[in-house]
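A structural walkthrough
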Amino acid sequence: MRANDVVLVSQGLTKAYDGFVAVDQLDVTVRRGEVFGLLGPNGAGKTTTILMLLGLTEPTSGSVCVLGLDPARQPLSVKAQVGYLPERLGFYEGLTAYENLIYTAKLNGLNRDGAEHRIDRALREMGLDGAAHQRVRTFSRGMRQRLGLADVLLKEPRLVIMDEPTQGLDPHAAREFLDVIRRLRSEGITILLASHHLHQVQAVCDRVGLFHRGRMVLEGTVEALARQVLGGAYRIRIRADGPTASPAQEPWETSRNGGNALIDSLRKLDGVVDVRRVAPQIYELEAKADLRPEAARAVVGAGGELLSLDIEAPGLDEIYTHYFDQEEVAHDEHHRAS
Amino acid sequence: MTNTTVQVEPARGRQGSPWTGLWAVVGKEMADHLTSSRMLILELLTLLTASGTVFAAAQNLRETIGRDRFLLLRLFTTAREPLPAFVGFLGFLVPLIAIALAFDAVNGEFNRRTMSRLLAQPIYRDALLLGKFLAGLFTLALVLTTIWLLIVGIGIVSLGVPPSGEEVARGLFFLLLTVAYGGIWLSLGMVASVLFRQPATAALASIAVWLFFMVFWGIIAQMAALALRPVRLGLAEEILAQAKLELLLGRFSPNTLYSEAILAVLKPSIRSLGPVLPIQLQGAVFGSPLPLDQSLALIWPHLTGLSAATILLFALGYVLFQRKEIRA
């Protein structure tokens, strides 16, 4: 890994507000061209981290380096190259979209001609060119969010930091916004994304860091985290009818006993961790590898009828819940012990 | 970067000028002020006051044409019942305009949620705060200059006397003093806008401070002088000491400073702003005006005091704003 490829690195980054530690010993590295997701519940320290990265808040201890610069000492150079889309995004309501962007352009030291050119392009890219001369007061939430991104793109940033970008958007607008993020990534812009909407952002993030109480507890690709937390789990969903019942059995016993036979034969497969029946006809198989062919054979071999077979990719929601369930248990046990 | 290692420059204070982006802020804020309906109301109010008082004064002054060297200046200071003189009105109109320009300067950005987006641009907070202050001061100066020109114009037309060079110079100093006086209330409004989250609270707090100095400070100064320098034996020294203390305390109020200073500038016959002993008047020709430079010498401490108060208040606002957390 060449140092040039590192866009952002923090070491032991800590922020404490009289006794309360908002960010605790954060080590994070973001490489050029990737989308990094800073994920965690509200109040986990995501926004504080972002403010430190931009030099808007001084760290209590530790160091940050953004594009080779120290945000606390060289904030102007950092802020000239880093775009920030805040969570609570606001504009001057009485001004038009265009006038709002003119102000940003002037603050970035652009002259009139350069500014107009860039503003036109940014608005076009965000699909707002039709609304350029409307007052922001008339904008919908989704339009505001896109205007915020136009405002960020104006300075042609190398790194874009977004705080809860899909917050408050309807599903359609959120999906559109995620598409925009993918487009920016393909243009080579590095993106740092903070969010608590795990399932929404997992689709666009190359790597994620899970935040909990000011600490980054997990970091890596979604698949790596799934292996780490869920024990390398593949979850296979099987819909099958049990084997035909023997005449001596009552019909209501049939499915149960037939099901039991299925479960038994599935359990015997190599690499299976657990088999559960979650509904009549539906079985869930947790395994360490993709056992779909073996499972299919086992169902048929036990005399069952295979109706469908799916593999579920583990989601971040699941990883997160699973991890923190374990954490809570460990936490409680620790408390009981002491 | 030419080398491939990630190097953080050693900490050497902040890089770049703190005034980067200052004029962008000034331009934006002035445009906001000049187009706002709030400003329109205040301008109309000032215009009404100016034309009303000056019209009344001009009617009074017509009788004295030819007997007064400083006829035009009298336009500002002549009162005709029931209206006070124009300068009397300015004493409370200027604070009102200045506070109206500043009370939502900082908290307004927070409430509109534009603050974090604004500070994410390559500027320091210094530029934002000073830009807002300067925009307010320029707007105030613009409004006052317009009205000043208007009054002089009305005066020349209605009295038919062209102003002398000294009258114009004195008039300009009056304008300068008025802007400096406005500066104090502008900084006060900005301090309040940093301190209070709600613009209404900030406006109310600023107006409370203004009312305190306008209405109560004189009484407090008087009571303090009575208590600290009591007249026990009725000696002249005692009475003088009490009067001097009252004057000194009274001058802590910007209103007192301002009204004393503009009187000295606009009424050249005023020779002193403190108590005068008969012995000091020996050799003086009564009623003869002071030359301009002597009047200026008289008010110089006042002008300095007004500017110093503005700078102190601005510095306070600056410190408070620098310490403010952006998220809140």
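Being a predicted model, the structure only gives us computed values, none of them experimental.

Describing the overall build of chain B
Scanning chain B from terminus to terminus reveals twelve helices and zero strands. Each helix (α) and strand (β) of chain B, taken in turn from the N terminus, gives the series α-α-α-α-α-α-α-α-α-α-α-α. Taken over the C-alpha atoms alone, chain B extends approximately 85 × 55 × 40 Å along its principal axes. For chain B, the proportion of its 328 residues judged to be buried stands at 37%. Of the contacts made within chain B by residues no fewer than 6 positions apart, 79% connect residues no fewer than 24 positions apart.

What to know about helix α11 (residues 254-266) of chain B
Residues and elements named next belong to chain B. Look at α11: 18 Å from first C-alpha to last across 13 residues, which is about the 18 Å you get at 1.5 Å a residue. Where burial is concerned, most of α11 is hidden: eleven out of the 13 residues are buried. Within α11 the residues assigned to the buried category are Pro254, Asn255, Thr256, Leu257, Tyr258, Glu260, Ala261, Ile262, Ala264, Val265 and Leu266. Residues of α11 that are buried in the fold lie against α3 (71-77), α4 (86-102), α8 (165-195), α9 (199-228), α10 (236-250) and α12 (292-323).

Quick look at the sheet that holds strand β8 (residues 207-212) of chain A
Residue and element names in this part refer to chain A. Read across the open sheet, the six strands follow the order β5-β6-β7-β3-β8-β9; overall the sheet is mixed. Since the sheet does not close on itself, it has two edges, and those belong to β5 (82-85) and β9 (215-220), each with one partner. The sheet shows a mean angle of 15° between the axes of neighbouring strands, direction not considered. Summarising the sheet, strand β3 (residues 35-39) and strand β7 (residues 190-195) pair through five bridges and their orientation is parallel. Residue pairing in the sheet places Leu39 in a bridge with Ser195 of β7. Along the sheet face, helix α1 (residues 46-53) touches β3, β6 (159-163), β7 and β8 and points at about 150° away from the line of β6. Docked against the sheet, helix α5 (residues 141-153) engages β5 and β6, running at close to 165° with respect to β5.

Notes on the domain arrangement of chain A
Its domain assignment divides chain A into domain 1 (3-220) and domain 2 (234-312). Each of domain 1 of chain A and domain 2 of chain A has a C-alpha centre, and these two points are 47 Å apart.

Details of α12 of chain B
Taking 1.5 Å per residue, 32 residues should reach 46 Å; α12 of chain B reaches 45 Å between its end C-alpha atoms and fits that length. Residue Ile299 of chain B marks the point of greatest curvature in α12 of chain B, where the axis turns by about 45°; the proline Pro301 of chain B follows within four residues.

Considerations on the interface of chain A and chain B
If you look at the interface, chain A gives 33 residues, while chain B gives 28 residues. Only β1 (6-17), α1, β4 (61-66), α2 (75-81) and α3 (97-107) of chain A provide two or more residues apiece to the side of chain A that touches chain B. Split by residue class, the side of chain A that touches chain B holds 16 nonpolar, ten polar and seven charged.

Let's talk about the packing of helix α7 (residues 125-159) of chain B against α12 of chain B
Residue and element names in this part refer to chain B. One can describe the packing of α7 onto α12 by two numbers: an axis separation of 10 Å at closest approach and a directional angle of 140°. The element α7 and its partner α12 pack so that their crossing is right-handed. Across the interface between the two elements, Arg125, Leu129 and Phe133 of α7 pack against Phe314, Gly317, Tyr318, Phe321 and Gln322 of α12. Of the residues contributing to the contact of α7 with α12, the split by class is five nonpolar, two polar and one charged.

Section: the nonpolar core
Val66, Ala150 and Leu193 of chain A are the most contacted members of the largest nonpolar core, which has 149 residues in total. Residues within four places of Leu193 of chain A in sequence aside, it is in contact with Val35, Phe36, Gly37, Leu38, Met162, Pro165, Val201 and Cys205 of chain A.

A few points about the pairing of strand β10 (residues 234-241) of chain A
All names here are of chain A. Burial along β10 is one-sided: the residues Tyr234, Ile236, Ile238 and Ala240 are buried and none of Arg235, Arg237, Arg239 and Asp241 is. Judged from the six bridges that link them, β10 and strand β12 (residues 282-287) form a sheet pairing that is antiparallel. Residue Ile238 lies in a different strand from β12, and its bridge partner there is Tyr283. Bridge analysis of β10 against strand β13 (residues 305-312) gives seven bridges, and the strand direction is antiparallel. Residue Arg237 lies in a different strand from β13, and its bridge partner there is Asp310.

Procedures and definitions
- Residues numbered from 1 in each chain as written.
- Chains lettered and ligands numbered in written order.
- Predicted model: local features only at pLDDT ≥ 70, side-chain atom pairs only at ≥ 80, totals over all residues.
- Helix = DSSP H or I, 4+ residues; strand = E, 2+ residues; numbered from the N terminus.
- Buried ≥ 20, exposed ≤ 12 C-beta atoms within 10 Å, placed from the backbone.
- Contact = placed C-beta atoms within 7 Å.
- Expected span 1.5 Å × (residues − 1).
- Pairing = 2+ DSSP bridges.
- Axes fitted to C-alpha atoms, helices over the stretch in contact; angles between N-to-C directions.
- Domains from an automatic or database assignment.
- Bend = angle between axes of the 7 residues up to and from the residue.
- Nonpolar A, V, L, I, M, F, W, Y, C, P; charged D, E, K, R; others polar.
- Left-handed = near helix turned anticlockwise from the far one by under 90°.
- Core = buried A, V, L, I, M, F, W, Y, C linked by C-beta atoms within 7 Å.

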